[in-house]
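Structural description and commentary
In case you want the letters, here they are:
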Amino acid sequence: MSYVPAVILLMIIYMTSLVGFTTAHQQAWYLYYTPYFILLNAILLLLYQKEWSKSTLYFGASALLVGFVVEVLAVQTASLYGTYIFGTTLGFTVLGVPLVMPIYWFINALSTACLVSKLPVKSPWILSALGALLMVLLTGIVHQVAPKLDFWSISSPNGLIRLSLISFLLGFALQYLFIRLKVSTKNPMAVYVYGGLLIFFVGVLSFL
């Protein structure tokens, strides 16, 4: 199955959403569909993931579980992070965490793992560190616009640093798990999903 139509569809959605997110009279409508926008990225990654196996399912389940648990702990542990609150934009919540957040963690973990696997590096430790850095980079950029878009807010700068460090460590664990499980790195959508999200949120940050 050719991935070109999916890439074209994704790029059109990115471009129109960028305009919508940064245009006052259209913003509310586009923000309402943010969870579906994130879900679409996950669906495309899954559709174009090659060589499915039990390892693929195990990694996906692990990423979803880690994403949910770390976000719940962050929301419930105000003494460590400061006040960490999700807004209404990201949709339905469980224990204060939007259900789309674990999906975001899955997207971030899988796409970055596939990307760094293309590097001429043999060490799983270096690859895991690079993948985790890419995960934190994307989330860090999203955080710059998150309060304005009612995604989430963190009251303490030190809390954000702590959360970023924990996210890096857990991201490292997921990247290493990906390598140890020998999950297939053949996913032509990975570069477009990660790169598209990165460019999209950089654009939102620039124009918002």
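First, a word on scope: everything that follows refers to the structure included in this document. If you're wondering where the values come from, they're calculated on a predicted model, not measured in any experiment. (Residues numbered from 1 in each chain as written. Predicted model: local features only at pLDDT ≥ 70, side-chain atom pairs only at ≥ 80, totals over all residues. Heavy atoms only, no water.)

**Description of the overall build of the protein**
Broken down by element type, the protein carries 9 helices and 4 strands. In the protein, the succession of α and β elements from N to C terminus is α-α-α-α-α-β-β-β-α-α-β-α-α. By the compact-globule yardstick of 17 Å for 208 residues, the protein fits well, its C-alpha radius of gyration being 17 Å. Expressed along its principal axes, the backbone C-alpha trace of the protein runs to roughly 45 × 40 × 30 Å. Out of the 208 residues belonging to the protein, those deemed buried represent 44%. Sequence separation of at least 24 residues holds for 81% of the intrachain contacts in the protein that already meet a minimum separation of 6. (Helix = DSSP H or I, 4+ residues; strand = E, 2+ residues; numbered from the N terminus. Rg over C-alpha atoms; globule rule 2.2 N^0.38 Å. Buried < 20%, exposed > 50% of the residue type's maximum accessible area, 1.4 Å probe, protein only. Contact = heavy atoms within 4.5 Å.)

**Here's the deal with helix α6 (residues 100–116)**
Look at α6: 24 Å from first C-alpha to last across 17 residues, which is about the 24 Å you get at 1.5 Å a residue. Burial analysis of α6 places 15 of its 17 residues in the buried class, which makes it a mostly covered element. (Expected span 1.5 Å × (residues − 1).)

**Quick look at the nonpolar core**
If you look at the biggest cluster of nonpolar residues, it comprises 54 residues, and the most contacted ones within it are Leu-90, Ile-107, Phe-151, Trp-152, Met-189, Leu-197 and Phe-201. Other than its neighbours up to four places away in sequence, Leu-197 contacts Tyr-14, Phe-37, Asn-41, Ile-107 and Leu-138. (Core = buried A, V, L, I, M, F, W, Y, C linked by side-chain atoms within 4.5 Å.)

**Some details on the packing of helix α7 (residues 124–145) against helix α8 (residues 157–180)**
For the pair α7 and α8, the least separation of the axes is 8 Å and the interaxial angle reads 140°. Taken together, the axis directions place α7 and α8 in an arrangement best described as oblique. The element α7 and its partner α8 pack so that their crossing is right-handed. Of the residues in α8, those touching α7 at Pro-124, Trp-125, Leu-127, Ser-128, Ala-129, Gly-131, Ala-132, Leu-133, Met-135, Val-136 and His-143 are Leu-160, Ser-164, Ser-167, Phe-168, Gly-171, Phe-172, Gln-175, Tyr-176 and Ile-179. Partitioned by chemical class, the residues of the contact of α7 with α8 number 13 nonpolar, 7 polar and no charged. (Axes fitted to C-alpha atoms, helices over the stretch in contact; angles between N-to-C directions. Parallel < 35°, antiparallel > 145°, perpendicular 65-115°, else oblique. Left-handed = near helix turned anticlockwise from the far one by under 90°. Nonpolar A, V, L, I, M, F, W, Y, C, P; charged D, E, K, R; others polar.)

**Here we look at a nonpolar patch on the surface**
The grouping of Tyr-3, Val-4, Ile-8, Ile-12, Met-15, Val-191 and Tyr-192 at the surface amounts to a nonpolar patch, some 620 Å² of accessible area in total. It is helix α1 (residues 4–21) that provides the largest number of residues to the nonpolar patch, a total of 4 residues. Residue placement: Val-191 occurs in helix α9 (residues 190–207). (Patch = residues over 30% accessible without salt bridge, like charges linked within 9 Å, V, L, I, M, F, W, Y side chains within 5 Å. Areas by Shrake-Rupley, 256 points an atom, 1.4 Å probe, with all protein chains shown as cover. Salt bridge = Lys/Arg side-chain N within 4 Å of Asp/Glu carboxyl O.)

**Some words on the packing of aromatic side chains**
Applying the stated rule across the entire model yields 17 aromatic pairs. Between the aromatic rings of Phe-37 and Phe-200, the centroid separation amounts to 5.3 Å while the plane-to-plane angle is 50°, which identifies the pairing as tilted. With Phe-37 in helix α3 (residues 34–47) and Phe-200 in helix α9, this pair connects stretches of sequence that are 163 residues apart. In this pair, the class of Phe-37 matches that of Phe-200, namely buried. Through successive ring pairs, a cluster of aromatic residues spans Tyr-14, Phe-21, Phe-37, Tyr-84, Phe-86, Phe-151, Trp-152, Phe-200 and Phe-201. (Phe/Tyr/Trp six-rings, centres within 6.5 Å; stacked < 30°, edge-to-face > 60°.)

**Points about the environment of Tyr-176**
Note that Tyr-176 resides in helix α8. By relative accessible area, which is 23% here, Tyr-176 ends up partly exposed. Discounting residues that sit within four places of it in the chain, Tyr-176 has contacts with Pro-124, Trp-125 and Ser-128.

**Topic: the pattern of salt bridges**
Counted by the stated rule, this structure contains 1 salt bridge. Among the salt bridges present, the one from Lys-186 reaches Glu-51, with a minimum N-O distance of 3.0 Å. Of this pair, Lys-186 sits in the loop between α8 and α9 while Glu-51 sits in the loop between α3 and α4 (54–76); the two residues are 135 residues apart in sequence, bridging distant segments of the chain.

**A short note on α3**
Since the α-helix advances by 3.6 residues per turn, residues separated by three or four positions end up pointing in the same direction. Between its first and last C-alpha, α3 extends 20 Å over 14 residues, near the 20 Å set by a 1.5 Å rise per residue. For α3, the full list of buried residues reads Thr-34, Pro-35, Phe-37, Ile-38, Leu-40, Asn-41, Ala-42, Leu-44 and Leu-45. Close packing links the buried residues of α3 with α1, α2 (24–32), α6 and α9.

**So, the packing of α6 against α9**
Running from N to C, α6 and α9 point in directions that differ by 120°, and their axes come no closer than 8 Å. As far as their axial angle goes, α9 and α6 are oblique. Viewed along their axes, α6 and α9 form a crossing whose handedness is left-handed. Along the contact surface, α6 presents Ile-107, Asn-108, Ser-111, Thr-112, Cys-114 and Leu-115, while α9 presents Ala-190, Val-191, Val-193, Tyr-194 and Leu-197. When grouped by side-chain class, the residues that make up the contact of α6 with α9 number 8 nonpolar, 3 polar and no charged.

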